[in-house]
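Remarks on the overall topology
What follows is each chain in one-letter form.
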Amino acid sequence: MKPPKLTSEFFTHLPPETTIDILSRLPIRTIVRSKLVCKSWRDLLRTREFADSHLSRSTSGLAICEYSSELRIFEFEDEHNHQHRHNPVTGFPCRKFATIRLPTAIQGSANGLLFSRGITRQFDALHICNPITRECIQLPTPENYVNSPTIVANGFGVSKITGRYKVVRVSLEYDRDPYTYELVGITKSSCHVYTLGTGKWRSIVASVPPLGNNQYSIGAFLNGSLHCSFALPPLRESDVHSQIVVALGDYLCVCDNLSEDEVVVWLMKEYGDEKSWAKEIVIRKPQFLRGFGGFASNFVCPVRIFEHGHVLMSCYAVCLFCYSNETETAELAHMFGVFDGHRGMQVMLHRSSFLSLKCFPMENVTSF
Amino acid sequence: MAAETGTPTTLTLKSNDDELFSVAESAAILSVTIRNMVEDGCAGGVIPLDNVDGKTLASVITYMNGISAIPADEEKKKSYRDKFLSDKDFETLADMVLAANYLNMSCLMDAVSAKIAQVMEKKSVGWVRRKFGIENDYTPEEEAAVKEEHKWTFEGVETDDDN
């Protein structure tokens, strides 16, 4: 076979942006393997330009944390297809990046960076990692908390205004009623913000209303802001503790799982307008969700809406299921693994990226 | 009627191996490079395209005529592009992406880039080096180190270099 005429000089004739354009369309694992082709590709694939080009056209996927210790990353093949075909991208135990072995929860995802929290009674081990570039930053803990009960909630996202990556952390110390043991009265509240690249927490003065009993996350990241699940109109005042707010597409969303018979999905139809909360979907509980409602309810929340009214939903720690708004039926989504309710399973929408943590100055980046 | 609408202007393009092609100006100006020449008044006579050979230019002109005959309907344009590229081998695609880059034709560039990526998807590192004529500038030790660092991406990979 005669050697191709132009291809021998192919990439020398193409400007780097075109090479980036072509390579950024490949599946994630193929891209990483392409670093082996030659040094100039390896260097090109490390650039911010490549990461941005890839992010602009990549599809989203899922981050699943099981047993509070095992992380798995998936990539949707088609962003809109209700069959939600998916490709497993990678998976590894959290102890790969966390120095101390702790039960770990994922609490935020932004442009391929995952924010995780290893929980003990005395302090939190907070990490930002990129599962693809295998880089990690351990954040300093803003303050130790020893007074129980304390509720700490974290959130992670990109500021719409500055484009900077921030962790927001709210902690509230409560008094308990000595007889009923219920939480009454906040004795101390604080709010801290960590901007990636600055290497330090800063305390901000904010009036923090009572948070839900929510070790899960501070809540939804949408429109460049974080949203907490307090004082949401559709919920009965007393139920705030068992709700979380999530971002669903372009909407803020809350799920009500208190009933034994149904799950109600509320959407804030006009962003920022509290009067616009509306019941979007009412799901009759399938057998596999029964027994997971009521006062000690597990959080149910939609993860992603696909075409034709298909919604991928998670029941915290129990299962992933797919609900069809057309046929009004729910089925377990076994393609992401079978969960049995004992595995501390957590699911989060996560768009894998090649964004290197080394682009943040003042941070001690480790590889794993 | 012809007098009212004017006779369609025809341009003559010359490839780097001296083949001449006639193409309607309305189709040719899909190329920003050619459009700029036309607007600058440099398009009288023959337009030399020094970076494109005759075989590739013929193919690009087929594309220009085909896509400009489709009214503003992105779905139909997309399906034309898919069909146009479906029978092209890898060498032709590589030539076309270079031509599209030189001629500054973003829609063709985008489609060809996507097609090349699709072909590369399941290929081995060796295949990519061979096809693109890229020299492996790693020492064996460096190569082993890079492979070790990213070994998770090599697990369970099946390549189909023959297709």
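Residues numbered from 1 in each chain as written. Chains lettered and ligands numbered in written order. Predicted model: local features only at pLDDT ≥ 70, side-chain atom pairs only at ≥ 80, totals over all residues. Heavy atoms only, no water.

Definition in use: UniProt positions are given in the numbering used here, feature names are shortened, and annotations may be inferred rather than shown by experiment.
As named in an unreviewed UniProt entry, chain B is SKP1-like protein, taken from Erythranthe guttata. Of the comments in the UniProt record for chain B, the one headed Sequence similarities (unreviewed entry) reads "Belongs to the SKP1 family." A UniProt comment under Pathway (unreviewed entry) is attached to chain B, and it reads "Protein modification; protein ubiquitination."

Looking at an unreviewed UniProt entry, chain A carries the name F-box domain-containing protein, with the source organism given as Erythranthe guttata.

1. Regarding the overall build of chain B
Under the convention used in this document: Counting from the N terminus, the helices are DSSP H or I runs at least four residues long and the strands are E runs at least two residues long. For the radius of gyration, the atom set is restricted to C-alpha positions; the globular benchmark scales as 2.2 Å times the number of residues to the power 0.38.
What chain B contains, in helices and strands, is nine helices and three strands. Start at the N end of chain B and walk to the C end: the helices and strands fall as α-β-β-α-α-β-α-α-α-α-α-α. On C-alpha atoms alone, chain B measures out to a radius of gyration of 20 Å, which is more than a quarter above the 15 Å that the 2.2 N^0.38 rule sets for 163 residues. With the C-alpha coordinates aligned to their principal axes, the bounding extent of chain B is approximately 70 × 35 × 25 Å.

2. Observations concerning the UniProt feature "domain: SKP1 component dimerisation" (unreviewed entry) in chain B
As recorded in UniProt, the feature "domain: SKP1 component dimerisation" (unreviewed entry) lies at residues 108-152 of chain B. This span, residues 108-152 of chain B, is 69% helix and 0% strand, and a straight line between its end C-alpha atoms measures 35 Å.

3. Concerning the environment of Gly-108 of chain A
Note the following rule: By definition in these notes, contact holds between two residues if any of their heavy atoms fall within 4.5 Å.
When you line up the elements, Gly-108 of chain A lands in strand 4 (residues 104-110). Discounting chain neighbours no more than four positions away, the residues touching Gly-108 of chain A are Leu-113, Leu-114, Phe-115, Phe-156 and Met-348 of chain A.

4. What about the nonpolar core?
Within soluble globular proteins, side chains that are nonpolar generally end up buried alongside one another. Heads up, the rule is: Here, nonpolar core refers to any group of buried Ala, Val, Leu, Ile, Met, Phe, Trp, Tyr and Cys residues whose side-chain atoms link them within 4.5 Å. Burial here depends on accessible area, computed with a 1.4 Å probe over protein chains only, as a share of the maximum for the residue type. Under 20% is buried, over 50% is exposed, and the range in between is partly exposed.
Counting 75 residues, the largest nonpolar core has Trp-41 and Leu-71 of chain A together with Leu-108, Ile-116, Met-120 and Phe-132 of chain B as its most contacted members. No other element matches the eight residues that helix 6 (residues 90-103) of chain B contributes to this core. The residues contacting Leu-108 of chain B, other than those within four sequence positions of it, are Val-60, Tyr-63, Phe-84, Met-96 and Ala-100 of chain B. One finds Cys-255, Leu-289, Val-311 and Cys-319 of chain A within the second-largest nonpolar core, a separate group that totals 20 residues.

5. Thoughts on the sheet that holds strand 3 (residues 86-93) of chain A
Residues and elements named next belong to chain A. Rules: Any two strands with at least two DSSP-identified bridges between them are counted as paired. For helices, the axis comes from a line fit to the C-alpha atoms of the stretch in contact; other axes are also lines fit to C-alpha atoms, and the angle between any two N-to-C directions lies between 0 and 180 degrees.
Spatial ordering of the open sheet is given by 3-2-1-22, a layout of four strands whose pairing is antiparallel. Looking at strand neighbours, the two that pair on one side only are strand 3 and strand 22 (346-350), the edges of this open sheet. Between one strand axis and the next, the sheet turns by 20 degrees as a mean value, whatever way the strands run. Pairing analysis gives six bridges linking strand 1 (residues 61-66) to strand 2 (residues 70-76), with the strands arranged antiparallel. When the sheet's bridge partners are listed, Gly-61 is paired in strand 2 with Glu-75.

6. Quick look at the sheet that holds strand 2 (residues 20-24) of chain B
Residues and elements named next belong to chain B. Judged by pairing direction, the sheet is mixed, and its three strands sit side by side in the order 2-1-3 without closing on themselves. Edge positions in the open sheet fall to strand 2 and strand 3 (46-48), since each of these has one partner strand only. The mean inter-strand angle of the sheet, taken between neighbouring strand axes irrespective of direction, is 35 degrees. Note that strand 1 (residues 10-14) and strand 2 share five bridges and pair antiparallel. By the bridge assignment for strand 2, Leu-11 is matched with Val-23. Each of strand 1 and strand 2 is contacted by helix 4 (residues 54-68), which is oriented at about 10 degrees to strand 2, the strand it contacts most.

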